Amino acid sequence: MVRYLNTEAKIEMLKSEFHPFYIINIDCDSIGENEPSGSVNLTINIDEVKDKQWKDFYYHIKDYISYIEEDGKKILTFENLLFTDGDNISNLYSYEYYKGILYIKMTSYTKKVAMHVIPKSYYSMDKVLIFKDSDVQDMSKHFSCTDEFYSRHDNNRINLYYQKIDLDKQQKGDRSRQDRCPNFGLYDKTNPQSLFQKIQDGNWVKENYRDMYGEYIFDISTQTKNMRNLQINTGYYYNDASPYNAIHYTGVQDDTNNAVEDKCVLLDTNFDDIRDDNYTNVIKQMEYIKENNSMSWPKTNNIMENKGFINSHSQDKDIGNLNHKTIKYFNDDLYVEEKNKYIEVSWVDQKL
């Protein structure tokens, strides 16, 4: 029988019951003097815990972590953990485990966090995440996309998958590496408004650039009324050919803004292997088209761009691997982190 603990009972258990615990030291070299104020979101990837940072500790305590059995296998649920300030166990942090990630909401920034393991019969998780893909029941109300995207897996409600199509839109299939086109014309200085888009008789055919997007629409205003920042944890992976000729943008759009130019948010951008310079991850800005009062995905190089970082996924070993990325909006500024590399850009008003 699962037993639930309120806040007081959790703190009492930490103080009076013997239990294993581990001190997490936060690497704050990049923070310098700019320590965060207020609550701070800490995310921990369980794969990194198992394979790298806490390998010995993890294998020592894994038998004490709660689990469920599926097809004869034990699947850890991490429902019986508690997180506190490393120097003050009365300062209890809320947390939630979801799809391989521990999301911890620290009440204030500290350089040390304690992870406590309590008996498996207790459920000690909280609701931390605003939105999870498992919360979506009717995608027809929340999702729209262009014809080139489709949901590949019925059991994964939040999913986009891009495929090649022939000229009459009848052929659907994954691109093969043999179909690799040189570069999308998106950043071709000789013909910036066209790209290799469709295949005919084994050859790629150029056509005018078209916006291809998938958009999830949710009203989160009630949960974010007092928030000054928003964090998005996303995952993506590539098939055989897509790292060689894919640009993708990820970000949010605030539909409560009436003015179109105020919806032109900063976007996380992955160029991967199609760029000539050294940076595969940069931050770019939605373009405001003054002539028709509309906005567009970035299609030129003259919109604000920072140097970014290198994190290409064109290697064969990266095909099919799930890549995790964290995107944080601080008001209109944007911070992007992936595999311990990060960039941050401040919002600049476009010249109208």
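Definitions and limits used
- Residues numbered from 1 in each chain as written.
- Predicted model: local features only at pLDDT ≥ 70, side-chain atom pairs only at ≥ 80, totals over all residues.
- Heavy atoms only, no water.
- Pairing = 2+ DSSP bridges.
- Helix = DSSP H or I, 4+ residues; strand = E, 2+ residues; numbered from the N terminus.
- Core = buried A, V, L, I, M, F, W, Y, C linked by side-chain atoms within 4.5 Å.
- Buried < 20%, exposed > 50% of the residue type's maximum accessible area, 1.4 Å probe, protein only.
- Axes fitted to C-alpha atoms, helices over the stretch in contact; angles between N-to-C directions.
- Phe/Tyr/Trp six-rings, centres within 6.5 Å; stacked < 30°, edge-to-face > 60°.
- Lys NZ or Arg CZ within 6 Å of the ring centre and 35° of its normal.
- Polar contact = N/O pair within 3.5 Å; in protein donor to acceptor, adjacent residues only side chain to side chain.
- Contact = heavy atoms within 4.5 Å.
- pLDDT = per-residue confidence, 0-100.

By the bridge criterion, five bridges tie strand 26 (residues 333-338) to strand 27 (residues 341-345) in an arrangement that is antiparallel. Its bridge partner lying in strand 27, Leu334 is registered against Val345. Connecting strand 26 to the next strand, strand 27, in antiparallel fashion are two residues, including Lys339 with a positive phi near 50°.

Counting 24 residues, the largest nonpolar core has Phe78, Leu81, Phe83, Leu102 and Ile104 as its most contacted members. For this core, the secondary-structure elements that each account for two or more residues are strand 3 (40-45), helix 2 (46-53), helix 3 (55-61), strand 6 (81-85), strand 7 (88-98), strand 8 (101-106) and strand 9 (112-117). With 19 residues, the next largest nonpolar core counts Val265, Val282, Tyr288 and Phe309 among its residues.

All right, on to the sheet that holds strand 3 then. A sheet is described by the order of its strands in space; here six strands give the open sequence 2-9-6-7-8-3, paired in antiparallel fashion. The open sheet has two edge strands with one neighbour each: strand 2 (21-25) and strand 3. For this sheet, the mean inter-axis angle between neighbouring strands, taken without regard to orientation, is 30°. Pairing between strand 2 and strand 9: five bridges, direction antiparallel.

Before going further, it helps to spend a moment on the packing of aromatic side chains. The final tally for this structure, using the stated rule, is four aromatic pairs. When the centroid spacing of 5.2 Å and the interplanar angle of 50° are considered together, the rings of Tyr4 and Tyr123 count as tilted. Taken together, the residues Tyr4 in strand 1 (residues 3-4) and Tyr123 in strand 10 (residues 122-123) connect sequence positions 119 residues apart. You can call Tyr123 partly exposed: its relative accessible area is 22%. For the ring pair Phe83 and Tyr95, a centre distance of 5.2 Å and an interplane angle of 65° mean the geometry is edge-to-face. With a gap of 12 residues between them, Phe83 in strand 6 and Tyr95 in strand 7 connect regions that are remote in the sequence. Relative accessible area serves as the criterion here: at 0%, Phe83 is assigned to the buried category. Across the ring face of Tyr122, the terminal group of Arg3 is positioned such that the distance to the ring centre comes to 4.5 Å. In this arrangement the basic side chain of Lys132 is found over the ring face of Tyr98, its NZ or CZ atom lying 5.7 Å from the centre.

Bringing the environment of Asp255 into the picture now. Topologically, Asp255 is positioned in the loop between strand 20 (248-250) and strand 21 (266-270). Look at Asp255 and you get partly exposed, because its relative accessible area is 46%. Between the alpha carbons of Asp255 and Asp219 there is a distance of 9.4 Å; along the sequence they are 36 residues apart.

By the element assignment, Asp268 lies in strand 21. Classification of Asp268 by relative accessible area gives buried; the value is 1%. In this structure the side chain of Asp268 is engaged in a polar contact, spanning 3.1 Å, whose partner is the side chain of Lys325. Contact partners of Asp268, with chain neighbours within four places excluded, come to His248, Tyr249, Thr250, Asn281, Val282, Lys325, Ile327, Leu334 and Val336.

In this section: the confidence of the model for the protein. Do not read the fine detail of predicted coordinates wherever pLDDT is low. With 69% of its residues at a pLDDT of 70 or more, the protein has an overall mean of 76. Mean pLDDT values over the elements of the protein span from 55, in strand 14 (residues 164-165), up to 94, in strand 6. Low confidence marks residues 182-189, where pLDDT is under 50. Its contacts with residues over four positions away, or in another chain, come to 30 contacts.

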